[in-house]
Amino acid sequence: MLALVTGAAQGIGKAIADKLRQDGHQVIGVDRQAGVEAQLDLTDLEGIPAFIDQLPECPQILVNAAGICLTRPFFEVEQPGFARMQTINVQAPLVLIQSVAARLVKEGKSGSFVNITSNSAFMPKLEQLDYAATKAALISITKSAALSLGPHGIRVNAVAPGITNTPLTQGIAQQRADIRGVSPEETLAPVVNALPLKRMAEPHEIAEVIAFLASDAASYVTGQTYVVDGGQWMR
Ligand SMILES: NC(=O)c1ccc[n+]([C@@H]2O[C@H](COP(=O)([O-])OP(=O)(O)OC[C@H]3O[C@@H](n4cnc5c(N)ncnc54)[C@H](O)[C@@H]3O)[C@@H](O)[C@H]2O)c1
């Protein structure tokens, strides 16, 4: 099957692309960075439908993994930063869902979409107000899309990772270190020590759950968010 994975140049997106290839799928990796099949900046929302329409074949698996996180104190949250996160974390996944689904429906094909949100949607972390808000919005979009696309044989689910060993996490640790005047390691250690599993996730551990949701093994699962965070958040 053909899969499209955004954010595939590094981190969780790269791990998903690798896993889907191992499982025998063809993968189109999308990223603004080089090293993928399609290098494009997802802030160009108008370009997304045309990009999907020109593909020789329509992907039946879509994984929205590209995302950004700005970390700053509550009173320093500013509109341009919030708007940029909104565009990349919320609007681009929605436009991709709409574009791929429109083509699948036209071609009479089924599909399976997985959005990468965060456990921050349920338990916002300090200094990440608007990141958490975008990830909560993506869960809502997951449910609405599942409602509308279920009758067309398209399932839509989400995975909510906790702290994962990727360049994003290193960047957040550095931003927190700058705010608090400590080392990046000092910002990470208390978080990791408070986790039941006492360690961060590796990207492939998140990819396993995404691959399950994307596969026919999850054929009766839609509109759900699977939390994969080593037990950091429990309900
Ligand atoms: N790392 C974590 O601890 C963690 C926890 C919870 C959720 N997440 C989510 O998982 C997803 C992947 O995170 P990660 O840790 O692998 O991040 P990462 O920064 O390591 O990788 C993200 C990728 O997305 C790409 N990207 C960002 N903006 C883009 C744009 N405008 N156009 C195209 N590509 C763009 C980047 O180039 C990068 O390759 C994100 O949605 C993130 O919010 C990560």
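Residues numbered from 1 in each chain as written. Predicted model: local features only at pLDDT ≥ 70, side-chain atom pairs only at ≥ 80, totals over all residues.

Student: Describe the overall build of the chain, naming the residues involved and giving the relevant values.
Tutor: Across its full length, the chain holds 7 helices and 7 strands. Going from N to C terminus, the chain has its helices and strands arranged as β-α-β-β-α-β-α-β-α-β-α-α-α-β. The C-alpha radius of gyration computed for the chain amounts to 17 Å, which stays within 12% of the reference 18 Å derived for 235 residues, consistent with globular compactness. Relative to its full complement of 235 residues, the chain shows a buried share of 41%. Put simply, 73% of the contacts in the chain that link residues at least 6 apart link residues at least 24 apart. (Helix = DSSP H or I, 4+ residues; strand = E, 2+ residues; numbered from the N terminus. Rg over C-alpha atoms; globule rule 2.2 N^0.38 Å. Buried ≥ 20, exposed ≤ 12 C-beta atoms within 10 Å, placed from the backbone. Contact = placed C-beta atoms within 7 Å.)

Student: Can you explain the environment of S144? Please cite residues and give values.
Tutor: Along the chain, S144 falls in helix α4 (residues 129–149). Exposure remark for S144: the 14 C-beta atoms within 10 Å place this residue in the partly exposed category. Sequence-wise, S144 and T187 are 43 residues apart; in three dimensions their C-alpha atoms are separated by 36 Å.

Student: Account for the pairing of strand β1 (residues 2–6), with residues named and values stated.
Tutor: Successive side chains on a regular strand alternate, one facing one side of the sheet and the next facing the other. Buried residues dominate β1, accounting for 4 of its 5 residues. Judged from the 5 bridges that link them, β1 and strand β2 (residues 26–31) form a sheet pairing that is parallel. Across the sheet, the residue bridging to V5 is G29, located in β2. As for the winding sense of the linkage, the β-α-β connection from β1 through helix α1 (residues 11–22) to β2 is right-handed. Of the pairings in the sheet, the one linking β1 to strand β4 (residues 61–64) comprises 3 bridges and is parallel in character. Bridge assignment links L4 to a residue of β4, and that residue is L62. (Pairing = 2+ DSSP bridges. Right-handed = clockwise from strand over helix to strand, strands pointing away.)

Student: Before we move on, could you go through the packing of helix α2 (residues 47–54) against helix α3 (residues 79–107) and cite the residues and values that matter?
Tutor: At a closest axis distance of 9 Å, the pairing of α2 and α3 adopts a crossing angle of 35 degrees. The crossing of α2 and α3 is right-handed. Two secondary-structure elements touch here, α2 through I48, P49, I52 and D53 and α3 through A92, V95, L96, S99, V100 and R103. Of the residues assigned to the contact of α2 with α3, the class counts are 7 nonpolar, 1 polar and 2 charged. (Axes fitted to C-alpha atoms, helices over the stretch in contact; angles between N-to-C directions. Left-handed = near helix turned anticlockwise from the far one by under 90°. Nonpolar A, V, L, I, M, F, W, Y, C, P; charged D, E, K, R; others polar.)

Student: Tell me about α1, and please be specific about residues and values.
Tutor: Taking 1.5 Å of rise per residue, the 12 residues of α1 would be expected to cover 16 Å, and the 17 Å separating its terminal C-alpha atoms lies within 8% of that figure. For α1, a buried count of 9 out of 12 residues is recorded, marking the element as mostly surrounded by other parts of the structure. Backbone geometry just after α1 places G24 at a positive phi near 95 degrees. (Expected span 1.5 Å × (residues − 1).)

Student: Run through the site of the ligand, naming residues and quoting values.
Tutor: In the vicinity of the ligand lie 27 residues, with G7, G11, G67, T166 and L168 positioned nearest. Contributing elements (two or more residues each) for the shell around the ligand: α1 and α5 (167–180). Its residues assigned to classes, the shell around the ligand comprises 13 nonpolar, 11 polar and 3 charged. (Near = placed C-beta within 6 Å.)

Student: Pulling in residues and values, what's your account of the nonpolar core?
Tutor: Ranked by size, the top nonpolar core spans 59 residues in total, and within it V5, I16, V63, V100, V159 and I210 carry the most contacts. With 9 residues, the single largest contributor to this core is α3. With residues up to four places along the chain from it excluded, the contact list for I210 reads I16, V63, V114 and V159. (Core = buried A, V, L, I, M, F, W, Y, C linked by C-beta atoms within 7 Å.)

Student: Tell me about the packing of α3 against α4, residues and numbers included.
Tutor: To characterise two packed helices, one gives the angle between the axes of the helices and the distance between these axes. At a closest axis distance of 9 Å, the pairing of α3 and α4 adopts a crossing angle of 15 degrees. As far as their axial angle goes, α4 and α3 are roughly parallel. Relative to α4, the crossing made by α3 is right-handed. Touching G81, F82, M85, Q86, N89, V90, P93, L94, I97 and A101 of α3 are D130, Y131, T134, K135, A137, L138, I141, A145 and L149, all from α4. Its residues assigned to classes, the contact of α3 with α4 shows 13 nonpolar, 4 polar and 2 charged. (Parallel < 35°, antiparallel > 145°, perpendicular 65-115°, else oblique.)

Student: Help me get a handle on the environment of L149, residues and values and all.
Tutor: Topologically, L149 is positioned in helix α4. In this structure the C-alpha to C-alpha distance between L149 and A101, which are 48 residues apart in sequence, comes to 7.7 Å. When sequence neighbours within four positions are dropped, the list of residues in contact with L149 reads A101, I154 and V156.

Student: Tell me about the sheet that holds β1, and please be specific about residues and values.
Tutor: Sheet strands line up and pair through hydrogen bonds in the backbone, either parallel or antiparallel. Spatially, the 7 strands line up as an open sheet ordered β3-β2-β1-β4-β5-β6-β7, and their pairing is parallel. Either end of the sheet is taken by a strand with one partner, and the two such strands are β3 (38–39) and β7 (225–228). Judged from the 6 bridges that link them, strand β5 (residues 111–116) and strand β6 (residues 154–161) form a sheet pairing that is parallel. The partner of S112 across the bridge, within β6, is R155. Contacts from α1 reach β1, β2, β4, β5 and β6, with the element oriented near 170 degrees to β1.

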